[in-house]
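Survey of secondary and tertiary structure
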Amino acid sequence: QVRFVESGGDLVQPGGSLTLSCAPSENLFSTYAMGWYRQVPEKRELIARMTVDGSTYYLESVKGRFTISRDNSKNILYLQLNSLKLEDTADYYCKSIRMGYWGQGTQVTVSV
């Protein structure tokens, strides 16, 4: 029943930056770990996770470039994407790790 609305995706050049936002329909940050995922044709992979205590996990390929954060007062989860590479092109989704429905995602296209 919990749903997520992603925004912020865009066309960007290699080396550029974007900030993605995620607005859950309910405030989940104090109860569930949250994750950012990206969809490529063959799979949807977890790229960043933040637990309720604020600890984070990153997929090795995005470490040092992407940062997951949250604004508890606004109930928004963010993903800061820096030093973007061609292979970062994908549809990006946010969701509770353990529950909730997938939203429509937001498209990030890295291209010259």
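Throughout this description, residue numbers start from 1 for each chain and increase along the sequence as written. Restriction of local features to residues with pLDDT of at least 70 applies here, the model being predicted, together with a cutoff of 80 or more for giving and counting side-chain atom pairs; totals for whole chains, interfaces and linings are based on all residues. By convention in this description, side-chain values take in all heavy atoms of the structure and omit both hydrogens and water.

Another aspect to go through is the pairing of strand β3 (residues 18-24). Buried, partly exposed and exposed residues are distinguished by accessible area as a fraction of the type maximum, computed with a 1.4 Å probe on protein chains only: under 20%, between the cut-offs, and over 50%, respectively. Here a strand is any run of E in DSSP of at least two residues, a helix any run of H or I of at least four, and the numbering for each starts at the N terminus. Judged by how many residues are buried, β3 sits mostly within the fold: five of seven residues are covered. Pairing between two strands requires that DSSP report at least two bridges joining them. Both strand β1 (residues 4-7) and β3 contribute to a ladder of four bridges, which runs antiparallel. Across the sheet, residue E6 finds its bridge partner in β3, namely C22. Across five bridges, β3 lies against strand β8 (residues 76-81) in antiparallel orientation. Directly across from L18, in β8, lies its bridge partner L81.

Here, a salt bridge means any side-chain nitrogen of Lys or Arg that lies within 4 Å of a carboxyl oxygen of Asp or Glu. Overall, the coordinates contain five salt bridges when judged by the stated rule. Across the salt bridge formed by D88 and R65, the nearest N and O atoms sit 2.7 Å from each other. On the criterion of sequence distance, the pair formed by D88 in the loop between β8 and β9 (90-96) and R65 in the loop between β6 (56-58) and β7 (66-71) is long-range, its members being 23 residues apart. Classification of D88 as buried rests on a relative accessible area of 0%. Salt bridges sharing common partners tie together R38, K43, E45, R65 and D88.

A few words now on the sheet that holds β8. Read from one edge to the other, the open sheet built from four strands follows the order β1-β3-β8-β7, with strand pairing classed as antiparallel. The open sheet has two edge strands, β1 and β7, and neither has a second partner. When strand polarity is set aside, the average angle formed by the axes of neighbouring strands in this sheet is 20°. Comment: axis = line fitted to C-alpha atoms, over the contacting stretch for helices; angle = value between 0 and 180 degrees taken between N-to-C directions.

Throughout, disulfides are identified as pairs of cysteine sulfur atoms within 2.5 Å of each other. Under the criterion given, the structure shown has one disulfide. With a sulfur-sulfur separation of 1.7 Å, C22 is cross-linked through a disulfide to C94. Across the S-S bond of C22 and C94 the torsion is about 70°, and the bridge reads as right-handed. With C22 in strand β3 and C94 in strand β9, the pair connects residues that are 72 residues apart, well separated along the chain. The exposure class assigned to C22 is buried, which follows from its relative accessible area of 0%.

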